[in-house]
Amino acid sequence: MKKRGQVWIETVIYTLIGLAIIGIVLSLVKPAIDAKKDQILLGNSLSMLNTIDEQIEDIRYYGAGNSRSIEISIKKGMLEFNSLEDKVVFSMNSKYMFSEIGENVSTGKITALTIKKTNTYDIILSLSYKNSINLTWQDKEMSKILQAAAAPYNLQITNKGKIGNFTQIDVS
């Protein structure tokens, strides 16, 4: 009778020890996994901004009236079309340090800025068309923010023609 109770107590103790070990391992590994996921998301975001830039440049090259549809998927962070500054900006909070903290780093046409927070980083990827393109959102000078969503966004990018020295590109 005593041995049967002892076996159950030993089983419970071993189970608790196993769960504690699993918990400790997860607490050590999870931050590294989160940082790697953010690194992959930032790589995808760079590709997304490069695709947007390619479409805008193609539309600009082919002239007034040219229009393209583009599908954008945002899993984390937000994408801003800032017509007031003629910029496309992607920003997200990340556990991965993307670039040198506080320094603007160029990756092709994209400028990356990493800002240190307490345990995370704010990553800002921007694509500027200042002095070359007048970027508008639905024919208005405004700022439009697209948040992370499960479904992709379908955007229409249209060349509205030349206005002075600038080509007006409309996104809707």
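Everything discussed here concerns the structure shown above.
Note that the structure is predicted; figures quoted are calculated from it, not measured.

Trainee: Please clarify how the sheet that holds strand β3 (residues 87–94) should be interpreted in this entry.
Mentor: Where strands meet in a sheet, backbone hydrogen bonds hold them as pairs that are either parallel or antiparallel. Spatial ordering of the open sheet is given by β4-β5-β6-β3-β2-β8, a layout of six strands whose pairing is antiparallel. Edge positions in the sheet fall to β4 (105–107) and β8 (143–147), since each has one partner strand and no second. Strand-to-strand twist in this sheet, taken as the mean axis angle between neighbours without regard to direction, amounts to 20 degrees. In this sheet, strand β6 (residues 121–128) lies alongside strand β5 (residues 110–116) in antiparallel orientation, the contact comprising seven bridges. Along β6, the bridge assignment pairs K116 with Y121.

Trainee: What exactly am I supposed to notice about unusual backbone geometry here?
Mentor: Comment: phi is negative for the bulk of residues other than glycine, and the bulk of peptide bonds are trans. Residue D86 is not a glycine yet carries a positive backbone phi of 55 degrees. Its place among the elements puts D86 in the loop between β2 (78–82) and β3. One non-glycine residue, D139, adopts positive backbone phi at about 60 degrees. Structurally, D139 can be placed in the loop between β7 (133–137) and β8. Assessed through its relative accessible area of 48%, D139 is described here as partly exposed.

Trainee: Please clarify how the pattern of salt bridges should be interpreted in this entry.
Mentor: Oppositely charged side chains can pair when the atoms bearing their charge come close. Applying the stated criterion across every chain, the model contains eight salt bridges. Of the charged contacts, one joins D34 and K30 as a salt bridge, the two residues approaching to 3.0 Å between their closest N and O atoms. Taken as a pair, D34 and K30 lie in helix α1 (residues 2–62) at a separation of four residues, close to a single helical turn. We classify K30 as partly exposed; its relative accessible area is 48%. As a salt-bridge pair, R60 and E57 come within 3.5 Å of each other at their nearest N and O atoms. Residue R60 and its partner E57 are both found in helix α1; the two are separated by three residues, about one turn of the helix. The partly exposed category is assigned to R60, whose relative accessible area is 30%. For E57, a relative accessible area of 23% corresponds to the partly exposed category. A single salt-bridge network, built from bridges that share partners, covers D53, E57, R60 and K109.

So, how was this worked out
- Residues numbered from 1 in each chain as written.
- Predicted model: local features only at pLDDT ≥ 70, side-chain atom pairs only at ≥ 80, totals over all residues.
- Heavy atoms only, no water.
- Pairing = 2+ DSSP bridges.
- Helix = DSSP H or I, 4+ residues; strand = E, 2+ residues; numbered from the N terminus.
- Axes fitted to C-alpha atoms, helices over the stretch in contact; angles between N-to-C directions.
- Buried < 20%, exposed > 50% of the residue type's maximum accessible area, 1.4 Å probe, protein only.
- Salt bridge = Lys/Arg side-chain N within 4 Å of Asp/Glu carboxyl O.

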